Amino acid sequence: MKIQEMQDEIRRLKKEQDVCILVHAYQSHDLWEIADYIGDSFGLAEQAVNAPQKNIIMCGVRFMAETVKLLSPDKNVILPKSGAGCPMAEQFSVADIERLKEENPGYSVVAYINTTASLKTVCDVCVTSASAVKIVRAMDADKIIFIPDCNLGDWVSKQVPEKEIKVLQGGCPRHAAVTVEDVKRAKNEHPDALLLVHPECKPEVVGRADYIGSTTGIMSYAKESEAKEFIIGTENSIVQHLQFEQPDKQFYELSRDLICNDMRLTTLGDVYKCLTDNTGERISLPDDVMEKAKICIDEMLRLG
Ligand code: 13P
Ligand code: SF4
């Protein structure tokens, strides 16, 4: 079947089966074209709340599908490829965080949304890269432990110096692998380009950026800017999406290695099979996880 035929069939079937297709911005362009909504983690979380459909196919990674399920417990939430995880989301266990809380009485635990649902059960509030600064600022607590991404935590602590923020040594293996050498090389090759960077990158990389923000933040900035050239410091799919949407501007990769294998796992064929053969994993979480992890997400929506 040709790509376009498959896309048309997906559009027809999703209407017939009352399915909403949510697509994270790191997914491929053929998936963007069949999406009801494309966004960063925060946008998808909000969209999940408002989607009128009974069924949701979440093209992204597991923690995103779990977040959708937490927000929409009565909906069927399908993750097309059950192997699509996020290495950062599983870096700490519930026992690790419980121990940390015991060792640090009086601290509130802020969890990046890139965490498993069970880890969220022992945290106080969730944040996304788009909402982290606003939420940490708005919290009553002044003493905070930020998990699991030390780079995002470091960036937040610089924006909110009035609070004491402890970070743990975790993070995204892809973004954290970008070096200052990558920045120097890209700037040498493209001296007129602006550098737009995700806060999951190391502080020394973030510190050299012209703009720091979430995936959609980076995309909106590039769209609205009058500059003509941009070096993109996040997953390389964003370089392709931006180039496709804005052919009059030039977009360059900050590092050839900024590729998230988990985000690349889901294909158009997988979504098609979800609709024709009921494949994919139906997300189901234990009742106590649903209840406790939801508190952490609700707090994010309240403060954000
Ligand atoms: P965003 O919140 O910017 O979508 O980031 C999600 C993610 O996985 C980044 O690596
Ligand atoms: Fe996780 Fe990094 Fe992939 Fe985002 S890019 S899903 S943080 S591994």
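Just so you know, the residues in each chain are numbered from 1, in the order the chain's sequence is written. Labels are handed out in written order, letters beginning with A for the chains and numbers beginning with 1 for the ligands. Thresholds applied to this predicted model are a pLDDT of at least 70 for local features of residues and 80 or more for the giving and counting of side-chain atom pairs; totals over whole chains, interfaces and linings are not thresholded and use all residues. The side-chain quantities take in all heavy atoms of the structure and omit both hydrogens and water.

Draft legend 1. Local environment of the overall build of the chain. Strands are runs of DSSP state E lasting at least 2 residues, helices are runs of H or I lasting at least 4, and numbering of each runs from the N terminus. Each helix and strand in the chain was counted, giving 14 helices and 13 strands. Computation of the radius of gyration draws on C-alpha atoms alone. For the globule rule, the value is 2.2 Å times the number of residues to the power 0.38. Relative to its length of 304 residues, the chain is compact, with a C-alpha radius of gyration of 19 Å against a globular reference of 19 Å. Considered along the principal axes of its C-alpha atoms, the chain spans approximately 55 × 55 × 25 Å. Taking all 304 residues of the chain together, 56% fall into the buried category. Contact definition: two residues touch when any of their heavy atoms are within 4.5 Å. For the chain, long-range pairs separated by at least 24 residues make up 62% of all intrachain contacts whose partners lie at least 6 apart in sequence. Counting rule applied: Lys, Arg positive; Asp, Glu negative; His and chain ends not counted. Here the site of a charge means NZ on Lys, CZ on Arg, CG on Asp, or CD on Glu. The averaged location of the 48 negative side-chain charges in the chain is 0 Å from the averaged location of its 35 positive side-chain charges. A simple rule labels every residue: compare its accessible area, found with a 1.4 Å probe on the protein chains alone, to the largest value its type can have, and call it buried under 20%, exposed over 50%, or partly exposed in between.

Draft legend 2. View of the sheet that holds strand β5 (residues 108–112). Between any two strands, pairing holds if DSSP finds at least two bridges. Ordered in space as β6-β5-β7-β8, the 4 strands form an open sheet in which the pairing is parallel. Looking at the sheet topology across the chains shown, the edges are occupied by β6 (125–127) and β8 (164–167). Direction aside, neighbouring strands of the sheet carry axes that sit 30 degrees apart on average. Against the sheet, helix α8 (residues 150–159) contacts β5, β7 (143–147) and β8, and its axis sits at roughly 165 degrees relative to β8. Between the N-to-C directions of two axes lies an angle of 0 to 180 degrees, each axis being a line fitted to C-alpha atoms and, for a helix, fitted only over the stretch in contact.

Draft legend 3. The arrangement of the site of ligand 1 in detail. Taken together, the neighbourhood of ligand 1 is formed by His-24, Tyr-26, Asp-40, Ser-41, Tyr-112, Asn-114, Ser-129, His-175, His-198, Glu-200, Ser-214 and Thr-215. Polar contact criterion, stated in full: a pair of N or O atoms within 3.5 Å, where within protein one must be able to donate a hydrogen and the other to accept it, and residues adjacent in sequence count only if both atoms are side-chain atoms. His-198 is positioned such that a nitrogen or oxygen atom in its side chain is 2.9 Å from an oxygen atom of ligand 1. Thr-215 is positioned with one of its backbone polar atoms (N or O) 2.9 Å from an oxygen atom of ligand 1. In the complex, 96% of the free accessible area of ligand 1, which totals 300 Å², lies under the protein chains. We call a residue near a molecule or strand as soon as one heavy atom of that residue lies within 4 Å of the molecule or strand. Exposure was quantified through the Shrake-Rupley algorithm and a 1.4 Å probe, taking into account, for residues, occlusion by the shown protein chains and nothing else.

Draft legend 4. How the structure looks around the sheet that holds strand β10 (residues 211–212). Ordered by their spatial adjacency, 4 strands build an open sheet running β10-β9-β11-β12, and the pairing between neighbours is parallel. At either end of the open sheet lies a strand with only one pairing partner, and these are β10 and β12 (250–253). In terms of strand pairing, strand β9 (residues 194–197) meets strand β11 (residues 229–233) through 4 bridges, oriented parallel. Bridge assignment links Leu-194 to a residue of β11, and that residue is Phe-230. The sheet strands contacting helix α11 (residues 215–224) are β9, β10, β11 and β12, and the helix crosses β9 at an angle near 155 degrees.

Draft legend 5. Region of the structure containing the pairing of β5. Counting buried residues in β5 gives 5 out of 5 residues, a clear majority hidden from the surface. Residues Ser-108, Val-110 and Tyr-112 point to one face of β5 and Val-109 and Ala-111 to the other, with burial holding for every one of them. Bridging between β5 and β7 involves 4 bridges; their strand directions are parallel. Across the sheet, residue Ala-111 finds its bridge partner in β7, namely Ile-147.

Draft legend 6. View of the side chain of Thr-234. Its location among the elements puts Thr-234 in the loop between β11 and α12 (237–245). Among all residues touching Thr-234, those that are not within four sequence positions of it are Tyr-26, His-175, His-198, Thr-215, Ile-218 and Leu-258.

Draft legend 7. Focus on helix α13 (residues 268–277). Three or more residues of α13 are buried, namely Leu-268, Asp-270, Val-271, Tyr-272, Cys-274 and Leu-275. Residues of α13 that are buried sit in contact with α1 (3–16), β1 (19–24), α2 (29–32), β3 (55–59) and β4 (76–79). Just beyond α13, the residue with positive phi is Asn-278, at close to 55 degrees.

Draft legend 8. Spotlight on the state of the cysteines. Pairs of cysteine sulfur atoms within 2.5 Å are identified as disulfides in what follows. Applying the stated criterion across every chain yields a total of 0 disulfides. In this structure Cys-126 is a free cysteine whose sulfur lies 3.7 Å from that of Cys-296, the closest cysteine sulfur available. For Cys-126, a relative accessible area of 0% translates into the label buried.

Draft legend 9. Looking closely at the packing of aromatic side chains. Within 6.5 Å between ring centres, the rings of Phe, Tyr and Trp (the latter by its six-membered ring) count as paired, and their orientation is classed by plane angle as stacked under 30 degrees, edge-to-face over 60, tilted in between. As enumerated under the stated definition, the model contains 2 aromatic pairs in all. Arranged with centres 4.5 Å apart and planes meeting at 20 degrees, the rings of Tyr-211 and Tyr-221 form a pair that is stacked. One end of the pair, Tyr-211, is in strand β10; the other, Tyr-221, is in helix α11, with 10 residues separating them in the sequence. Among the residues examined, Tyr-211 registers a relative accessible area of 22% and is labelled partly exposed. Owing to a relative accessible area of 27%, Tyr-221 belongs among the partly exposed residues under this scheme.

Draft legend 10. Region of interest: the pattern of salt bridges. Salt bridges are defined by distance alone: a side-chain nitrogen of Lys or Arg within 4 Å of a carboxyl oxygen of Asp or Glu. Considering all chains together, one arrives at 15 salt bridges under this definition. Among the salt bridges present, the one from Asp-270 reaches Lys-81, with a minimum N-O distance of 3.1 Å. One end of the pair, Asp-270, is in helix α13; the other, Lys-81, is in the loop between β4 and α5 (94–103), with 189 residues separating them in the sequence. In this structure Lys-81 comes out as partly exposed when scored by relative accessible area, which is 30%. With its nearest N and O atoms 3.3 Å apart, the salt bridge here joins Arg-99 to Asp-96. Taken together, the residues span about one helical turn, with Arg-99 and Asp-96 both in helix α5 at a distance of 3 residues.

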